[in-house]
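So you can see what is in the structure, the chains are spelled out below.
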Amino acid sequence: MKGLSNDQIKLITSKVIEIHEEQRMVNGKNEQSRRLRNTKLLLRNYRTFKKYEEKIKGESDAQWVEVSKKELLVLGEDLVSSIKQTTQRTLVMIRYLDQALDTLEFICGQEDAASGNKQFDILQARYVDGQKIAEIAVDFGMNERSVYKVIDAAAERLSVILFGVYGLRNE
């Protein structure tokens with residue numbers, strides 16, 4: 001049996017590279033979509049996170065993870081440690097999200113008031129203040145579909161702030 005010719009090897013290699021590049025582009029788009037989805041998920045749960053933060057803010061570790069020795073034996077030390085770590089991660093995430101929202105507000109404030117400020121104000125009205133889309137549409141004199149588009153655009157901008165260059169849309 002004879003081996004592959006140089007032309008065949010070049011053809012196979014170029015096809016493998018082409019398929020690899022296509023897959024890399026698909027993976028990049030999936031990652032960006034996942035980051036945008038995560039940004040919107042954080043925004044939808046923002047008010048819940050803030051309530052959680054308020055509740056545990058003044059409490060010490062002993063107060064919110066008060067577990068008897070008997071419960072420790074049943075649950076295990078790892079679970080208690082995991083609960084503490086999860087709470088700490090949540091608090092860090094809330095602070096990071098607040099900083100990202102402050103940054104977005106600053107950036108939008110530097111832009112044309114008609115577009116930039118509106119984006120942040122609508123995002124804030126929806127997720128921080130908890131207003132319904134219909135209320136926002138009336139307040140800003142726009143139709144509901146336009147409110148959704150503005151929210152999507154603002155969420156994309158916030159995604160870039162949260163995830164840096166990895167939050168950029170792959171076109």
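One structure accompanies this document, and this report is about it. Since the structure is predicted, the reported quantities are computational estimates derived from the model, not experimental observations.

Each helix and strand counted, the chain has eight helices and zero strands in total. Secondary structure elements of the chain, listed N to C terminal, follow the sequence α-α-α-α-α-α-α-α. In the chain, buried positions account for 25% of the 171 residues. For the chain, long-range pairs separated by at least 24 residues make up 65% of all intrachain contacts whose partners lie at least 6 apart in sequence. When the accessible surface of the chain is totalled, it reaches about 12000 Å², and 54% of it is carbon and sulfur.

What follows deals with the packing of aromatic side chains. When we look at a pair of aromatic rings, we describe it by the centre distance and by the angle of the planes. Under the defined criterion, the tally for this structure stands at zero aromatic pairs. For Arg126, the ring lying beneath its charged end belongs to Tyr127, and the centroid distance is 5.8 Å.

Here the focus is the side chain of Glu53. Tracing the chain through its elements places Glu53 in helix H2 (residues 46-57). At a separation of 2.8 Å, a polar atom in the side chain of Glu53 contacts the side chain of Lys50. In this structure Glu53 touches Leu91, Ile94, Arg95 and Asp98, once residues within four positions along its chain are discounted.

The rules we used
Residues numbered from 1 in each chain as written. Predicted model: local features only at pLDDT ≥ 70, side-chain atom pairs only at ≥ 80, totals over all residues. Heavy atoms only, no water. Helix = DSSP H or I, 4+ residues; strand = E, 2+ residues; numbered from the N terminus. Buried < 20%, exposed > 50% of the residue type's maximum accessible area, 1.4 Å probe, protein only. Contact = heavy atoms within 4.5 Å. Areas by Shrake-Rupley, 256 points an atom, 1.4 Å probe, with all protein chains shown as cover. Phe/Tyr/Trp six-rings, centres within 6.5 Å; stacked < 30°, edge-to-face > 60°. Lys NZ or Arg CZ within 6 Å of the ring centre and 35° of its normal. Polar contact = N/O pair within 3.5 Å; in protein donor to acceptor, adjacent residues only side chain to side chain.

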